[in-house]
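# Coordinates in review
Letter by letter, the chains look like this.
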Amino acid sequence: METMPWENIVCEIPPGYAVGSFYWCEISLDSLETADDMVRVPTVHSSTKVIAATRAVEQGLVERRVSAALNAKVEYVLFESVSTQQTRDTITEITKHNSKSIATKHLAGEVGSAAQMVRELVGMAELGADIVKIAYFAHTPSAIAMGLDALQLAQETIDKPISITPMGTRWGRVAAAMAGSQL
């Protein structure tokens, strides 16, 4: 069955809320007051997939937040890929708990090329992430187009779901989702 483009769009929700009209919902682990708050993941339609996400970069903090998600038995755990060893260790821990890893990098500053984006994605894929994602600043049509070029090249290179998120405009995110970017 073919995936429809809007099935790739994630609704970011605060803890304690549920949005049943989306296929994907993301709860920020960074907004939780305590690790126990993750246990209260909202009940949504059985077809809705919940992602527990952290953008933390300090190793101990990443471990605590990922652990909270795994203790709550969340199926998808998104984390910031900081280094090769940290990424490998985090993927191993997530896999050990029968959850799916989403390794991501939020690229700082201006991105030079689509090839640079693909290199980042390939690196995370080679470490075993189930889904690989990059996010980058894109305020212009040409910057968004570069991400779409990277998406096409990555899909030809990597045999895993790929997410490329142009940050800065809503229409950039929608353009990426319509072009096949996951999440």
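Turning to its location among the elements, E80 is positioned in strand β4 (residues 76-80). In this structure the side chain of E80 is engaged in a polar contact, spanning 2.7 Å, whose partner is the backbone nitrogen of H106. Beyond its immediate stretch of four places on either side in the chain, E80 contacts T54, R55, A56, V57, Q86, T104, K105 and H106.

Right, let's talk about the packing of helix α1 (residues 59-71) against helix α2 (residues 84-96) for a bit. The N-to-C vectors of α1 and α2 enclose an angle of 15 degrees; their axes lie 11 Å apart at closest approach. Of the possible angle classes, the one that applies to α1 and α2 is roughly parallel. Where α1 crosses over α2, the handedness of that crossing is right-handed. Together, Q59, V62, V66 and L70 of α1 and Q86, T90, E93 and I94 of α2 make up the contact between the two elements. Taken together, the residues that form the contact of α1 with α2 break down as four nonpolar, three polar and one charged.

What follows is about unusual backbone geometry. In the Ramachandran plot, K73 falls in the positive-phi region, its phi being about 60 degrees despite a non-glycine side chain. Relative to the assigned elements, K73 resides in the loop between α1 and β4. Among the residues examined, K73 registers a relative accessible area of 71% and is labelled exposed.

Let us now look at the pattern of salt bridges. For the structure on display, the rule yields three salt bridges. D30 is paired through a salt bridge with R65; the nearest N and O atoms lie 2.6 Å apart. With D30 in the loop between β2 (24-28) and β3 (49-53) and R65 in helix α1, the pair connects residues that are 35 residues apart, well separated along the chain. Residue classification places D30 among the partly exposed residues on the basis of a relative accessible area of 30%. Measuring nitrogen to oxygen at the nearest pair gives 3.1 Å for the salt bridge that ties E93 to K96. With E93 and K96 both in helix α2 and three residues apart, this pair spans about one turn of that helix. Judged by relative accessible area, E93 falls into the partly exposed class, the value being 30%.

This next bit is on the side chain of S99. Note on placement: S99 falls in the loop between α2 and β5 (100-106). On the accessibility criterion, S99 (7% relative accessible area) is buried. At 2.7 Å, the side chain of S99 and the backbone oxygen of V74 are in polar contact. Apart from residues lying up to four places away in sequence, S99 is in contact with L70, V74, E75, I94 and D130.

Counting residues in each nonpolar core, the largest one holds 39 residues, and the members touching the most others are M117, L121, I162 and I164. When residues of this core are traced back to their parent elements, those giving at least two are β3, α1, β4, α2, α3 (114-126), β6 (131-137), α4 (141-157) and β7 (162-167). Not counting chain neighbours up to four residues away, the residues in contact with I162 comprise L121, V132, L151, A154, Q155, G180, S181 and Q182. Of all hydrophobic cores here, the second largest spans eight residues; its members include Y76, I102, I131 and L183.

Calculation rules
- Residues numbered from 1 in each chain as written.
- Predicted model: local features only at pLDDT ≥ 70, side-chain atom pairs only at ≥ 80, totals over all residues.
- Heavy atoms only, no water.
- Helix = DSSP H or I, 4+ residues; strand = E, 2+ residues; numbered from the N terminus.
- Polar contact = N/O pair within 3.5 Å; in protein donor to acceptor, adjacent residues only side chain to side chain.
- Contact = heavy atoms within 4.5 Å.
- Axes fitted to C-alpha atoms, helices over the stretch in contact; angles between N-to-C directions.
- Parallel < 35°, antiparallel > 145°, perpendicular 65-115°, else oblique.
- Left-handed = near helix turned anticlockwise from the far one by under 90°.
- Nonpolar A, V, L, I, M, F, W, Y, C, P; charged D, E, K, R; others polar.
- Buried < 20%, exposed > 50% of the residue type's maximum accessible area, 1.4 Å probe, protein only.
- Salt bridge = Lys/Arg side-chain N within 4 Å of Asp/Glu carboxyl O.
- Core = buried A, V, L, I, M, F, W, Y, C linked by side-chain atoms within 4.5 Å.

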